[in-house]
Every structure is written in C-alpha cells, then in structure tokens.
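Survey of secondary and tertiary structure
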Amino acid sequence: MQSVTGASNKFSSIYQDSCANLYKNDVNSNLSSTTIMTSPVSKTMISPLATIQSTLIPSLEGIDLAGRILEWQLKNDNQFPTLSDQIKISEAHGVSGLSDVDYPMLEVGPNGLPLLRQMGLVNRIPLPPELVEHFGHMQSYCMMGLFPLIQRAWLSIDSDIYVWTYEDGGDLSYFDGLSEPIIAVELVQPKPGIFQPHIQYLLCLATTVEIVLLGVSFSGSSTNYEEMHLLPEPLFAVPTDGAYIVTITGTTSGRIFMGAKDGCIYEFFYQAEEGFFSRKCRKINHSKSTLSYLVPSFINAAFSEEDPIVQMVQDETRHILYTRSEKGTIQVYDLGTDGQAMTRVAAINTNTIVQSAANIARTVDRSSFRPLVGIAPIESSESTNLHLVAITASGVRLYFSTLPWRAFNEATPSSRPVTLQLVQVRLPPGYAANASPQRPQQVHSALYSHGTTFLATTTASENDVVWTLSNSLFPAAQQLSETQNTLGLDGKTWALAEVTPTLKRQIDPSIFAPPAPEPPLIVTQHAVGPRKFIFLTTQCCHVVTQLRPVDILRQLLFDASGPDSTAVRAFFQVLREDQACATALILACSSSIQDSQLADWAARAFFLLGGDVKVSPSHLAHPISSPASPFVVNSPAHLNSTPSNFHHQQSHFTFSSPDSGGGGGFNPNAISTPQMQPYSPHSNNVVTSSGGAELTDYQFSGRHNGLYLYLGRILRPLWLMPLARDVGKPHQPLLDSVVNSEELLTVLGQLNALKGFVHANIHQNGPQSYQSSEKGRLQDAQMQERKSLLAMKQLLDHTVEVLALWKVLCDHQLHLLGQSLSAEMRMSLKTTLFRDLILSGSDTCIGLINALIHRYLDDAASTDAISEKLRQVCPSLYRNEDALCTKVNEQLLKARTNSMSRMDKERLLQQTLETCKQIPARINLAHVCQQLSACQYFGGVVELCCVVAEKLDPQHRAQQCYSGQQEDPAAVEALLARKNCYQQMCLVLQKLYTAAACHPQSPSVPKSPGPMVQTTPQGYEEGLSPLEAQRLADETLSLALQSDDELCHVAIFDWLTDNKWDDKLLEIQSPHLENYLKRQTVGQVGQQQQTDLVAKYDLLWKFYEKSGQFIAAARVLSRLADAHSTAISLPMRIEYLSRAIVCARAAETSSFGNAVQGQFLYEMEEKMDVAKVQSQVLEAVSRLPSRDADTISRLHSDLLDVTQLYEQFAEPLGLWECKLAILHCANHYDSALVTSIWQNIINAEVKKLSSADTETKLATLGSKMKTLGRTYAQSEQFFPLEFLVKTLETYSVRWNGPPGWAVSIILTAGVSFQRLFAVYNRLYGAKDVVWQAEGKPNHLLKVLADMLNRLVDSSTGGLAALVPTADRRALIGQCVEAVGVYLTDLFCTTHATSPALIAEFRTLQGKLELL
C-alpha cells in the first residue's frame, strides 16, 4: 500500500490506478451472464467468505500454537525405536534376555497372576462332532491346519478334506474327489485375470501322485465369507513325478511354491491359455539346474542326503522367500522387486547357525540353539535391516539379516538380499539372574508376528502350554523389553495363526507416503481392534486375543470398579502418564450408553493419575522425568522413571476430578506452550519466574500431553495425506477424495467425542496472581499449560469443522464438483495435505464452500438445505451472514428469469436489497451490483453502494483522510473501502452510457454476402435501446449525485475524467466539483504527470468560465501561462494569455474592483506583448542552422522577461530583429543601438542576397523592409527614417533600382508622404558625397521627381490619396518652394541627366501651382 502521507490528497489517483483497467475491461462484458460467484477458487468469490480469515476463524495464533505442539507429538509417534534400535544390531552381534529389564516382572495380584495380562482367552470352540467320528475311519494320513484369510480351519483324513469356520464350528465343507491321501494343503490367492470373479481363492491339494487346484467361492459379501463353496472339479492338476510335497505356500500375486521331501522347491505354474512352448500348467523345480536332469535319479539319491523342506514363509513387503528344512537348514530366495523372479541367494545349515549363536551367547548351552521349530519373516514396516527370526525348541529366538554389516546403516525397504547372517540371539525368559526358574522347554510350534511371539510347549500331560512374549507395553524402551504370559490349552497344538496377519488402519496413508516403520500398537489402538490368534488342537480351537493397552485398562477398571486400585496405578506407571492418559481418553470419550460408567471411571483415572505440571530449579542435577523410558513396577530403577507413590494431591489450577467438587470438569489455569523453538512438551523448557532471576525447568502434565497425543493419533492416518487424487481415464481424469465419506465419519466420530470431553472439562477461568516466588514458578508453568490446552481446544473445534466440511463435499460427489473448479484449484487439492487444510487452508475451505453453493445455484436449486447443513457442520466457516449471502444469490438468479411479472420482480429485488443492507460487509458488492444491473435495477445499485460505503466507514474516517485531517492506516483503509464501493456504481454507469452510444440501426456494409445477421454491438446493454439506456444513465447519475458523501461525487468525477467526458463533467451541478478540480491541480512530477496536470487546469478554468467566474478563470489561465513545464508550449501559453485577457475584460465590475481588474488586465497585456516577442525569438532560433534543442525547450517551458530574452538569446545568438523587437517592447531607446541594429538587419539580408540577381535583391530587401516597417514605422525612435532612406537609396543606386523603389517601401510601411518628403528634402540639402561617389549625383532629384509625380498623378489618387486634407496646402507650398530650389541647382550642373530633370520639374511646378 502506498504511504499514508499525502493519502488525503491522492484519493483520485488511487481510485484511477486501481479502476482504470477495470473500467476498460468491464465495458464490453455481458452483464446478464455474470453471477455473484465467479471462479470458485477466487478469494473474492463471495465477499463474506473472503473475510472469514480475519474475522471468524478461531485465532490463528492459537491454532498455530496447537498445530506446532500437535506436529511435535505426531513426530514423536513416528520416532519410537524400531526392533533394530532396541536390540542394537548396528553396534555388533549381541545377545539379550540375560538382563532383568529384558523381561521385567510386573506387579502380581492376590492370585499370583500379573495385574497387566496381555492375553485373554475369548472362546474355546470344540471341533465339529462330524469330524470326530471320521477320525475313527482314518487309514493312512491325517493333518490339520488353519486358513486365517477366510476364517476357516481344515482337516484332511486320507483323501478327504474338511473345512469349517473356527469361530463357531459351522459351515462344514468337504471335498472327496481325490483317490490318493492328501499330504499337503494350502489356500492361495489366484493370479489376476485368469479365473472368473467369483473364484476368490484356490485350494491347493497335494497327494502322492498329483497336485490339484480347486476353486473356492463364497456366498454373501467378498469379505464376510458366510458360506464356502468348493468347485467339484479341479481347475488345474499336475503330476508330482515322484516328488513328495511336504509344504505349500502362495504369494499375493498368485504364485504357488511347494517344498518337497527331496529338499527341492517347486512352483505350480499355470496360465489361462497354452503357449507354443508351454502348457497351461506345469511344475517347475527351482532347486536343480538343467544339467541335473541328465544324471539318473538313483545316482543323485546315492550321493545326496535327503533333507525335506518342512516350512516356507515369505516376506510380502520385500518379496523374499525363506525355507526351513527338517535338519534346520535355512535358505533365502529373492523373488525380485516385483515378486516374479526366483533366485537362490544364500543357505545356512544348522551347524553353522549353532556355531554362530554359540559365539554370540558364550554362556548359553549350545543345545539351546537346536533344533529349529519355526521361522518367520520380519516385515519392512517393523525393521529395515532385520529380515528373519528363527525359533528353537528351547524358545531361543535367532534374528537374521540378509544384508552385510557394511550395508546396515544404508538399508531400505527395497534393499535386495545378498546373504544370511545371524546378528542377534534373544534368550527366552528364565535366563536373568533374578528371573523365576520357569522357562519355555520342548517347544514344538512357534509363531512370530509384529513383535509378538507364541511358543507352544509340550508338557508332561497331553495338554500344551503356550508362552506369549510381547513388547507392546514398552514401545518407547531403548532396549527390547517384553512381557511374558502363559496360557494352557486343551490338547496338543497342531497349528497357530493370526486372524489378521497384518495391521491395517481404516485409512491407510502408506499409499501416498514412502514406506515407514509401523507405529506401535499404543499409537493405533483407538483405530484397530485387538489382535486375534487361533490355536488349533486335537480337541478344539482356542481363540485368543492380545489385549491392547485400552483393553487392559478397561478390564482393570471393571475388575476394580473404578480407578482406585493398585492395578490401575501400575498401568499408568508402566505406560507413562502421557501414554496412559491418551489411552484413558479412548474410554472416557465413549458415547455408548453401556459404557457410561466405564467412561466415568476412565475420566477419573485421567484426572487422578495424569500428574501435574512439574517444576524444579535449574541447578538440580537430575531431570524431572525421563519421558523416553518405560515406567515399570518392581523393576530395576533405571526403567522406573516416576515415583511409585501415586497419592493424588488436589491442585488449585488445572484439573479437578469429576467427583472432587470441581464442577464436573477441570479448569486449565496452567496450560500453554513454551516460548522457544523447536517446541518439545517433554523437554526441560526454561522460563524466568516472576519472583527473581532464578531459572526453572518445567514439564507439562501427562494430562496435557495425553490430550495432544490422542488428538494427534486420531488425525494421524490422514494428517499427511493429500486431499484429492485423479481417478478415471488418463485423458479425462476426475477429481476424487483420497478419504471417503465413511472413513471421515469414523474420524469425525472420534473427534466429536473428544470435543465433547474437552468442552466439558476445559474452561477459561483460573487464578492470575501469586504470592511467593516458589508459587510463581509453578504458576508460570501452569499458565503455559493452560494456554496450550486452550489452543488445542481451538484447533480441535476448527479441525472438526474442516473435516465435516470435507465430508459434505464428498457426499455431494466431489468428482462432479471438481469439474467446475479451475485447473489451479484442482492441482492445489491434489497437493494440499489435510494438515495444511486444517492449519492454514482457510482460503481453500472458502473456495470449496463457494464452489458447492455455486453448483446449487447453477442447477437453479434452493440453497436453504445446503446452507443449513453448512451452518450445522462448520458454523465458523459458514456463518448466518454467509447463509444470507447465499440467499441473495438465489434471489438474484430467480429475479433474472422471465417467468416473473415486473411487479413481483421489483418486490423480490427490493427484498434482496434489504437483505444486502443487513450484511454490507459480507456481500461481494461487485457481483451483487452486476446482478442488480442485469435486472435493470440501477437505482438499487446506487442505493446499495451508498449503504455499504456508509456501513464500512461509520466514523467517516475516509472523509477525514481525504480532507487531510487524519492519515493513519485505518483512515486510508476506510478511504479505499469507500472507493471500492463507489467503483461499482461507476461501472454500472459505464455500461449504460456505452449502451447509449451504440446505434444498431445505423447502416453499415455487411461483412459477407448472404442473409442479414442480427448482431448486438459490443457493450450494448441487453434489452435496452440507446435512447432508453441514455435515459436510465442520466437518471442513475442524477440519483448518485444526490448523495451527501463528497467521496461519492469524487468517484463519479474521476470516472468521467478517466473516460475523457469533460463536457459531461462540467455540466454537473455539484457543490463538490470546484473543490475536486482544485485538488486535481496539485503539482506532480514527471512528464506524463505534468501533461495530466495541464489537462486538469484546463478543466478548472473551463469550469470557472462556464459558471461565470471570469476573473477566477483568468487567473487560472494566467497560472497556466506562467507555469514552468515542458508540457505547455509557447503557442499554448500565448493562447492562455489571450483567453485570460478576454476573461478579464468580460468580468463584471460589480464582482471585482475596477482598479484591481485594470491592473490585472494591464499585466496580462504586458505579458502578451513579451510573449509575442518570445515567440519571435523562438521562431528565429528555430531557423538557425545550429539550433539547440535545450534552447528551444527553454523558450517553450517558461515565459521569460525582456532582459532574459535579450541577454540569453538575442545578444549571444545575434538575433538582430529580435533585439529590435525587445527594445521596442521594453520601450528602451538608444539611438546608436537602434541604428546599429537596423544596419545589421539590412547587412544580414544583403549578405544572404550576394549571389542573387538585381531584381531578386530589390524584391527581397524591399519585402523585408516593408515587414519591419509595418511594425516599427509608427515609432520614430525605433524606425530611424532618415538613416533607412539613405541606406535604401544607396543600395538602389548600387543595384540600379527604379527611382521610386525606396519610396514605395517606406510608404507601404506606413510612413506619411509629407514626413517622407521632408526626409528626402533634408537628405538632398545635405549634399552627401555618397551620390557623387556612386556616379549618380542627381539620384535624389530623380527620387524627388518621382514622389512629386505621385502627388500630382490623379490616376492613382494623387494628393487626395497621399495627404490628409488639413496638411495639403502646407505640403503644396513646401513642394513648390522645393522645386524652385531643385531647378536652381540643376541649372548649375552639367550632368547628362540635368536637362531632362529640368524639364520634368518645370512640368511638376506648373501642376503644383494648379493644385
């Protein structure tokens, strides 16, 4: 914005700069096709929405503050140590499990069981009774297993297979189409594009002679798997060719691998059609080379030891296949980055494994490292450089990596395997010094999945005991710490599996983000259910759940009927206060009626055990707490970061327990964020106490951090996701939301529940004064925490509104709405993250709301419903004023339809106008005026503009700024606001006058032959004839000029000036016009500005002249003539002086004193005389061969006085004629100087004629003398007649001119005959020798004779024409006397011309005597 200084004098220029192009560009726009909302991405689509940013949206400072804390918490959730970090493999090969912190002992209850149990038996489902009967018919072979993908268990007895749902034992299916015993079973996914869509899975069955693929389909939805159907006929079948298949596994891409008893890896390959060199299905051996087929099989058997493949597992995240043989050999196969290759990378036998493990764990018996009972992949989401875990019969876990040591630090999820090496030995519980003697033994089956390990051990009885090891309660521990639980089963375990093998959130951001470690369960527990595991025994199926921390807390609260229990306190210690508070919030925010009591208990636990703000003097050596360490009860001290005394001390500041009389909530008097960057709620933030200079450290309470943690975890799935993406065809992409409406509904449900909790418990009030310095330090920390929580409350409210708005957009088919958006807006939606939309996307929200409203308006639909919906879901983004704006849009569009009568239309437009007056600061005035203009409601435009201008500036600061009384930024802003309002009025006037200037009836030549085409001239107002447009324009202008606001008049004046309609401007009868024109004449700099200034002065004097103020007009004209400016030429100055003289003479005596008027007129006339001389100087300078542009510019840019003209121009440049004119104008007489100037004038002229002939010389010099004589002949002082006559006669003698040449020149110049005759008579009497010297002594007598002939020649008028009546007698007497003298002298001469002259004079003498 321009400087405030001088703003009051530049209203018009500000207006012109911003509006000139707008006027020009908008003249030809079609008003009738304009709507209030133009581009949906423009900030100015609807003015009220555009102002939301500064007036309605919650304080950006608060949102920004909370956003920074939230970002920090989200960053923390992404920085939990990975498995690699916890076992510290980057340092060296290591062993763990020997320390007490590896398996910390949690508090136990009265029953001797841990208070925090992670595993819970959900159900025990017996095997279907039909299957039990079939066991008695088994002849050769029996197997059992699980299909967790379809929630089924299976049993094969000989050649029959049975499949049933393990949850309830129902939906029993079977297949008995094979003739040989089934020896291997697996459910695999089909290859895409080969089978019909109803074939969802393939059941791969291997017998001793063939391998078949059966199609599996389900009735119901594709995910419920209600009723299973097996196709009766195999889809594909291949012979085994003697290979005894032991195990089968499939990939997600549809590949099927089989491990055989001979130690080979086979692949069941199938395709849709047969090729030239391949069958539709075949068995491929990946373990033998082509040359091995040339060696007879009995030789291979003789020289090789059989080692069957008993287990195959694959890492789907890296496309790596691992195999385990019966003797403990582990092999690694690389399937390629796309999963379609097959390359054997490495193999390590059991001896090598045992030796490596023994070298790492030297104190452990080597027998603990064999045999291997299971292997499991470690996915990239869990670790980037750990790839495989193997479990031994003693429960030892061996961690392997497929990368060399040098590549550990550079490992990425896409790194390909190159080796297999043991990097960590993890001993089971029981090896630590203080551990209980119980440890896993005789492990025969094992399962590892995402940090949880199950070990099925054989006991003396027939029943197994399953050990559960999990690190989910210690995600932040810097070393791997696991809880241990045991679970007794009925029978021997045949299979273990997880129902949901991978953790998938409802919203998966991994599609739009690079692979990252999977966050721990404590981060995602609010969005995912508890993990479920199936243990299949010979007696039944055991469904076991791994409890989430929130499930553990739920159970503890139920068991203790409230938070007042040792177990609940232990839970808060183990998880840390902030993590436990975030977990408690999940329960406290529950809106279920059944959980109302539980929610109350969880809220009490949140308040009682969430801790308080902690402060300590900075000189203390120990920190307040260690947020990165887990809190463990009855464990080594370095893991126990908080005191075990959880006695709650009621504080006076922030929180109060719901049952403590605090009004049912907490009062955050101490909530805010520290003032340093980067922000860290857990860091030791330094503040200065109010009581002294001592520095204090403070840490926010667990309740504060828990609230931010929970909010961040709710938003985490979509926080870094883009808003939209392209779907559909590449050449016609459609914009679609990345998160669908159902997913948003889930997130909004959680946010609204948290919002209800926060609003019920966070309030504004709190103590503000403190007594002691110690209390002051605490209060400083409490004030910081209060500020932070209030900011979080603002952010939460705003987030709910933004996401609710996005859901509304999704419900209204965003892909259709996106078609009306600009390319820039569509690209913005594809690159803007939800984080940016929430924290800084107010403009985007406004644009989307406008686009949605615009869609309704385009469809001519009522906006009442959508307005009400927006008011409900995002009241701070779409307020009641916005709804009124939308209603205005709808009414204006309705008024433009042709179905309404004129009276109804006027009534509707009046209602619309009254509505607009209620929200003047919110409407988009420009588009409303366009719509009113399209409805030909021009008076409404004027009225609306005036009302809006008044409402935007009720204190009339704009007028004060314009008049120079106030120039602060607020006044300048008010001035610009009024200008913008009146600008719309001028636009409407522009259109009307443009339409009035169009004459469609005027004849014109057609552009092309053919039928006449009716066209509307550019700028022609639809529906108005030129005469009607002229009438409406005049009425609208007259109505606008009735305004009492001077600035309204100024805007109209500026508009007329911009359009060069000076005549129309001067016709206006306005009390403000004179003041406006005066302000326009304020001096400016620059050539263009000077030109504009001259034009404004022209308007001013014309105004004075038109209004009869002639003296004022004359003075303006005089000022223009005197102004120093290169924009005014000298002829223009002379014209200004001429007009000034005319105006001064026309002034009435009554309005101006005669003396003053006469003096002014005299000065003007004097200036005019000097100006004419200056013009003569300018003309002379312009004719000079060496003319100087600066000299000419100087003569144009000022009116100079005669001294300047003489000294600076005429004298140095030798301008003799100009010198004479200057002396004459100044009435400065110097005889010698004047004579010298005339001599130089004649000499200069003669010099130019040096090469001309006599006739040319006489004519040219005569012409020059006639011209000068007419100017100066009447001034005897400046026209030395005697000198000039003598000089001219001298040249006449020299050039043999006629006797009357000089006489004719002088007479033509205006010299009287009698005066001229007297001069000649004196010259003759002087008897100058010059005539004798020239050889013509009688030359003057010839001239005198010629003069006398003129006098007596009646044919040319003679005496009557040459001499006045009164002077004739005296002149005749003088002539008669002179003739006598001439005759006497002639008689005395002997010159050849004398006789003729004597005769001529005698004749003249007689004629004179007769006269």
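None of the values given here were measured: they were computed from a predicted structure.

Details of the overall build of the protein chain
Looking only at helices and strands, one finds 48 helices and 35 strands in the protein chain. Taking all 1411 residues of the protein chain together, 53% fall into the buried category. Restricting the contact set of the protein chain to residue pairs at least 6 apart, pairs at least 24 apart contribute 65%. Looking at the protein chain as shown, the accessible area adds up to about 61800 Å², and 51% of this sits on carbon and sulfur atoms.

Comments concerning the pattern of salt bridges
In this structure the tally under the stated criterion is 41 salt bridges. Of the charged contacts in the structure, one is a salt bridge between Glu577 and Lys614, with a shortest N-O distance of 3.5 Å. In this pair, Glu577 is assigned in helix α12 (residues 577–588) and Lys614 in strand β31 (residues 614–617), connecting sequence segments 37 residues apart. Taking relative accessible area as the criterion, Glu577 reaches 14% and is therefore assigned buried. With a shortest N-O distance of 2.9 Å, Asp953 and Arg978 are connected by a salt bridge. Note that Asp953 is positioned in the loop between α25 (938–952) and α26 (957–962) and Arg978 in helix α27 (residues 969–996), a separation of 25 residues in sequence. One network of salt bridges, with partners in common, ties together Asp102, Arg397, Arg426 and Glu482.

Focus on unusual backbone geometry
Note the cis peptide between Arg370 and Pro371, where omega equals -10 degrees. Here Pro371 is to be found in the loop between α8 (350–360) and β20 (372–377). Even without being glycine, Gln151 reaches a positive phi, approximately 60 degrees. Along the polypeptide, Gln151 turns up in the loop between β3 (142–147) and β4 (152–157). A positive phi angle, near 55 degrees, is found at His956, a position not held by glycine. Summarising the element assignment, His956 is placed in the loop between α25 and α26. The partly exposed category is assigned to His956, whose relative accessible area is 38%.

Section: the side chain of Arg255
Assignment of secondary structure puts Arg255 in the loop between β12 (245–250) and β13 (256–260). A polar contact of 2.9 Å, which involves the side chain of Arg255, links it to the backbone oxygen of Gly339. With sequence-adjacent residues up to four places away left out, Arg255 is seen in contact with Thr249, Gly250, Glu267, His286, Leu335, Gly339, Gln340, Ala341 and Met342.

Things to note about the sheet that holds strand β29 (residues 531–537)
In space, the 4 strands of this open sheet follow the order β2-β30-β29-β28, with antiparallel pairing throughout. Two strands in the sheet have a free side with no partner beyond their single neighbour: β2 (119–126) and β28 (493–498). Strand after strand, the sheet turns through a mean of 20 degrees between neighbouring axes, direction not considered. In the sheet, β2 pairs with strand β30 (residues 540–546) via 7 bridges, with the strands oriented antiparallel. Bridge pairing in β30 places Leu121 opposite Val544.

Quick word on the packing of helix α10 (residues 549–560) against helix α11 (residues 566–575)
Running from N to C, α10 and α11 cross one another at 160 degrees; their axes reach a closest spacing of 9 Å. Between α10 and α11, the interaxial angle falls into the category roughly antiparallel. Where α10 crosses over α11, the handedness of that crossing is left-handed. Together, Pro549, Ile552, Leu553, Leu556 and Leu557 of α10 and Ala567, Val568, Phe571 and Leu575 of α11 make up the contact between the two elements.

Overview of the confidence of the model for the protein chain
Here the protein chain averages 79 in pLDDT, and 81% of its residues register 70 or above. Here residues 618–696 is a poorly scored stretch, pLDDT under 50, and it has 233 contacts once near neighbours within four places are set aside; other chains count. Across residues 766–772, confidence stays below pLDDT 50; counting only partners more than four residues off in sequence or on other chains, it has 12 contacts.

Regarding the side chain of Asp307
Structurally, Asp307 can be placed in the loop between α7 (297–303) and β16 (309–315). Buried and without a salt bridge, Asp307 has Lys327 as its closest oppositely charged side chain, separated by 5.5 Å. A polar contact is formed between the side chain of Asp307 and the side chain of Ser325, at a distance of 2.7 Å. With residues up to four places along the chain from it excluded, the contact list for Asp307 reads Lys261, Gly263, Ser325, Glu326, Lys327 and Thr329.

Examining the sheet that holds strand β6 (residues 173–175)
Across the sheet, 4 strands lie side by side as β3-β4-β5-β6; this open sheet has antiparallel pairing. Each edge of the sheet is formed by a strand with only one pairing partner; in this case those strands are β3 and β6. Each neighbouring strand pair of the sheet contributes to a mean axis angle of 15 degrees, computed without reference to strand direction. By the bridge criterion, 3 bridges tie strand β5 (residues 160–165) to β6 in an arrangement that is antiparallel.

A short note on the state of the cysteines
Considering all chains together, one arrives at 0 disulfides under this definition. Cys540 takes part in no disulfide bond, and the closest cysteine sulfur to it belongs to Cys541, at a distance of 7.0 Å. Summary of cysteine pairing: Cys946 is not part of a disulfide, and the nearest cysteine sulfur, belonging to Cys1048, is at 4.6 Å.

So, the nonpolar core
Leu1261, Phe1317, Tyr1320 and Phe1401 are the most contacted members of the largest nonpolar core, which has 169 residues in total. For this core, the element with the highest residue contribution is α27, accounting for 15 residues. Apart from the residues within four sequence positions on either side, Leu1261 is in contact with Ile1242, Glu1245, Val1246, Leu1249, Leu1288, Tyr1291, Trp1295 and Trp1301.

Notes on the pairing of strand β34 (residues 724–729)
Sheet topology note: the β34/strand β35 (residues 732–737) ladder contains 6 bridges and is antiparallel. Counted as the bridge partner of Lys729 is Gln732 from β35. Hairpin remark: β34 followed by β35, antiparallel, with 2 residues in the connecting loop.

A few points about the packing of aromatic side chains
One pass over the structure, following the stated rule, counts 25 aromatic pairs. Plain terms: the ring middles of Tyr993 and Trp1055 are 5.8 Å apart, the flat faces sit at 40 degrees to each other, and that makes the pair tilted. Here Tyr993 is found in helix α27, whereas its partner Trp1055 is found in helix α29 (residues 1046–1058), with 62 residues between them in sequence. Ring-pair connections join several aromatic residues into one group, and the members of that group are Phe195, Phe236, Phe268 and Tyr270. It is Arg439 that lies over the ring of Tyr431; its NZ or CZ is 4.0 Å from the centre.

With respect to the environment of Lys327
Examined against the element boundaries, Lys327 turns out to sit in the loop between β17 (320–325) and β18 (330–334). Note on Lys327: relative accessible area 36%, which makes it partly exposed. Distance in space between the C-alpha atoms of Lys327 and Leu372 is 8.1 Å, their sequence separation being 45 residues.

Overview of the pairing of β13
The element β13 is extensively covered by neighbouring structure, given that 5 of its 5 residues are classed as buried. Side chains Ile256, Met258 and Ala260 of β13 all project onto a buried face; the interleaved residues Phe257 and Gly259 project onto the opposite face, where all are buried too. Of the pairings in the sheet, the one linking β12 to β13 comprises 5 bridges and is antiparallel in character. Bridge pairing links Thr247 to Gly259 in β13. Bridging between β13 and strand β14 (residues 265–270) involves 4 bridges; their strand directions are antiparallel.

Observations concerning the packing of helix α47 (residues 1365–1387) against helix α48 (residues 1394–1410)
The geometry of α47 relative to α48 is characterised by a closest axis approach of 10 Å and an angle of 155 degrees between their N-to-C directions. As far as their axial angle goes, α48 and α47 are roughly antiparallel. The handedness of the crossing between α47 and α48 comes out as left-handed. Residues Ile1372, Cys1375, Val1376, Val1379, Tyr1382, Leu1383, Leu1386 and Phe1387 of α47 form the contact with α48, whose participating residues are Ser1394, Leu1397, Ile1398, Phe1401, Arg1402, Gln1405, Leu1408 and Glu1409. Here the contact of α47 with α48 is built from residues that sort into 12 nonpolar, 2 polar and 2 charged.

A few points about α8
Looking only at α8, the buried set comprises Thr350, Ile353, Val354, Ala357, Ala358 and Ile360. Buried residues of α8 fall within an arc of 160 degrees about the axis and therefore sit on the same side. Taken together, the buried residues of α8 touch β1 (94–96), β18, β19 (343–348), β20, β22 (397–401) and β23 (421–426). Residue Asn349 occupies the N-cap position of α8, its side-chain oxygen lying 3.2 Å from the main-chain nitrogen of Asn351.

Structural notes on α25
With 15 residues, α25 should reach 21 Å at 1.5 Å per residue; the first-to-last C-alpha distance of 21 Å fits that figure. Those residues of α25 lying buried are Phe938, Gly940, Val941, Val942, Leu944, Cys945, Val948 and Ala949.

Parameters and conventions
Residues numbered from 1 in each chain as written. Predicted model: local features only at pLDDT ≥ 70, side-chain atom pairs only at ≥ 80, totals over all residues. Heavy atoms only, no water. Helix = DSSP H or I, 4+ residues; strand = E, 2+ residues; numbered from the N terminus. Buried < 20%, exposed > 50% of the residue type's maximum accessible area, 1.4 Å probe, protein only. Contact = heavy atoms within 4.5 Å. Areas by Shrake-Rupley, 256 points an atom, 1.4 Å probe, with all protein chains shown as cover. Salt bridge = Lys/Arg side-chain N within 4 Å of Asp/Glu carboxyl O. Polar contact = N/O pair within 3.5 Å; in protein donor to acceptor, adjacent residues only side chain to side chain. Pairing = 2+ DSSP bridges. Axes fitted to C-alpha atoms, helices over the stretch in contact; angles between N-to-C directions. Parallel < 35°, antiparallel > 145°, perpendicular 65-115°, else oblique. Left-handed = near helix turned anticlockwise from the far one by under 90°. pLDDT = per-residue confidence, 0-100. Lys, Arg positive; Asp, Glu negative; His and termini not counted. Disulfide = S-S within 2.5 Å. Core = buried A, V, L, I, M, F, W, Y, C linked by side-chain atoms within 4.5 Å. Phe/Tyr/Trp six-rings, centres within 6.5 Å; stacked < 30°, edge-to-face > 60°. Lys NZ or Arg CZ within 6 Å of the ring centre and 35° of its normal. Nonpolar A, V, L, I, M, F, W, Y, C, P; charged D, E, K, R; others polar. Arc of directions from axis to C-beta. Expected span 1.5 Å × (residues − 1).

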